[in-house]
Amino acid sequence: MTRMNWQETAPDGAKALFGIHHYVTKKTNLPEELVHLVFLRVSQINGCAHCIDMHSRDLRKTMSVDKITLVPVWDEVAHLFTDQERAALAWSEEVTRVSETHASDEAYAAAAAAFSPKDLVDLTIAIAAMNAFNRLGAPFRVPVAAVA
């Protein structure tokens, strides 16, 4: 079943959400590759095909396919990820699964050690924004660019 295009149906809401995306990707000190890595991991957890497809494509511009493939199991191949990437991925999982994790003190401490206070807030905004996009992309079945 084809579902509505949420961006066309609620353009003001889409503009507001994309404003947050613009802030995170263009107005923070967070490395662009790190932001896309976080976007990918959050989207994998939430099962948003469109966002997984898009952020995998974004990462392929700067990151090896081998590393991208192993993002879901990053903690088992920690040597492939920097300390900051590991902290960001752990924090992404904690914040995305906040109803289960309650954003544990351990994950917060690791994230706070890897990021300045401002960068940690910006990272958390990025995680929250991607969770919001996933909660629109998945239910409205936003199409993927991938082809067979």
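Residues numbered from 1 in each chain as written. Predicted model: local features only at pLDDT ≥ 70, side-chain atom pairs only at ≥ 80, totals over all residues. Heavy atoms only, no water.

Under an unreviewed UniProt entry, the name given to the chain is Carboxymuconolactone decarboxylase family protein, and the source organism is Burkholderia cenocepacia.

On to the overall build of the chain. Each helix and strand counted, the chain has 9 helices and 0 strands in total. A compact globule built from 148 residues should have a C-alpha radius of gyration of about 15 Å, and the chain, at 15 Å, falls within 12% of that. Seen through its principal axes, the chain has C-alpha atoms that stretch 45 × 35 × 30 Å. The 148 residues of the chain split such that 39% are buried. Accessible surface, the chain: about 8300 Å² in total, of which carbon and sulfur atoms supply 58%. (Helix = DSSP H or I, 4+ residues; strand = E, 2+ residues; numbered from the N terminus. Rg over C-alpha atoms; globule rule 2.2 N^0.38 Å. Buried < 20%, exposed > 50% of the residue type's maximum accessible area, 1.4 Å probe, protein only. Areas by Shrake-Rupley, 256 points an atom, 1.4 Å probe, with all protein chains shown as cover.)

Attention shifts here to the packing of helix H3 (residues 32–46) against helix H6 (residues 83–96). With their axes 10 Å apart at the nearest point, H3 and H6 run at an angle of 35 degrees to one another. The crossing of H3 and H6 is right-handed. Contact residues: Glu33, Leu34, Leu37, Val38, Arg41, Val42, Ile45 and Asn46 in H3; Gln84, Glu85, Ala88, Leu89, Ser92, Glu93 and Thr96 in H6. Split into classes, the residues belonging to the contact of H3 with H6 amount to 7 nonpolar, 4 polar and 4 charged. (Axes fitted to C-alpha atoms, helices over the stretch in contact; angles between N-to-C directions. Left-handed = near helix turned anticlockwise from the far one by under 90°. Contact = heavy atoms within 4.5 Å. Nonpolar A, V, L, I, M, F, W, Y, C, P; charged D, E, K, R; others polar.)

This structure, assessed with the given rule, holds 6 salt bridges. Arginine 41 serves as the salt-bridge partner of glutamate 93, at 2.8 Å between the closest nitrogen and oxygen. Pair noted here: glutamate 93 is in helix H6 and arginine 41 is in helix H3, with a separation of 52 residues, a long-range link. The class for glutamate 93 is buried, based on a relative accessible area of 16%. Here aspartate 122 and lysine 118 are joined by a salt bridge, their closest N and O atoms 2.7 Å apart. You can see aspartate 122 and its partner lysine 118 sitting in helix H9 (residues 117–137), 4 residues apart, about one turn around the helix. On the basis of relative accessible area, lysine 118 is assigned to the partly exposed category, the value being 46%. (Salt bridge = Lys/Arg side-chain N within 4 Å of Asp/Glu carboxyl O.)

Evaluation of the coordinates by the stated rule reveals 4 aromatic pairs. Judged by centre distance (6.3 Å) and plane angle (65 degrees), the rings of tryptophan 6 and phenylalanine 133 are edge-to-face. Pair noted here: tryptophan 6 is in helix H1 (residues 6–9) and phenylalanine 133 is in helix H9, with a separation of 127 residues, a long-range link. Residue classification places phenylalanine 133 among the buried residues on the basis of a relative accessible area of 8%. An aromatic cluster of three or more residues is present, and its members are Trp6, Phe18 and Phe133. (Phe/Tyr/Trp six-rings, centres within 6.5 Å; stacked < 30°, edge-to-face > 60°.)

Here we come to the UniProt feature "domain: Carboxymuconolactone decarboxylase-like" (unreviewed entry) in the chain. In the numbering used here, UniProt assigns the feature "domain: Carboxymuconolactone decarboxylase-like" (unreviewed entry) to residues 11–94. As annotated, residues 11–94 has a helix share of 71% and a strand share of 0%, and its two end C-alpha atoms lie 31 Å apart. (UniProt positions renumbered as here; feature names shortened; annotations may be inferred.)

Counting 26 residues, the largest nonpolar core has Trp91, Phe115, Leu123 and Ile127 as its most contacted members. Secondary-structure elements contributing two or more residues to this core are helix H2 (11–26), H3, H6, helix H8 (105–114) and H9. With 6 residues, H9 is the largest single contributor of residues to this core. Excluding anything up to four places from it in sequence, tryptophan 91 contacts Ala103, Ser104, Ala107, Tyr108, Ala111, Leu120, Leu123, Thr124 and Ile127. Within the second largest apolar cluster, 10 residues are counted, among which are Leu40, Ile68, Val71 and Leu89. (Core = buried A, V, L, I, M, F, W, Y, C linked by side-chain atoms within 4.5 Å.)

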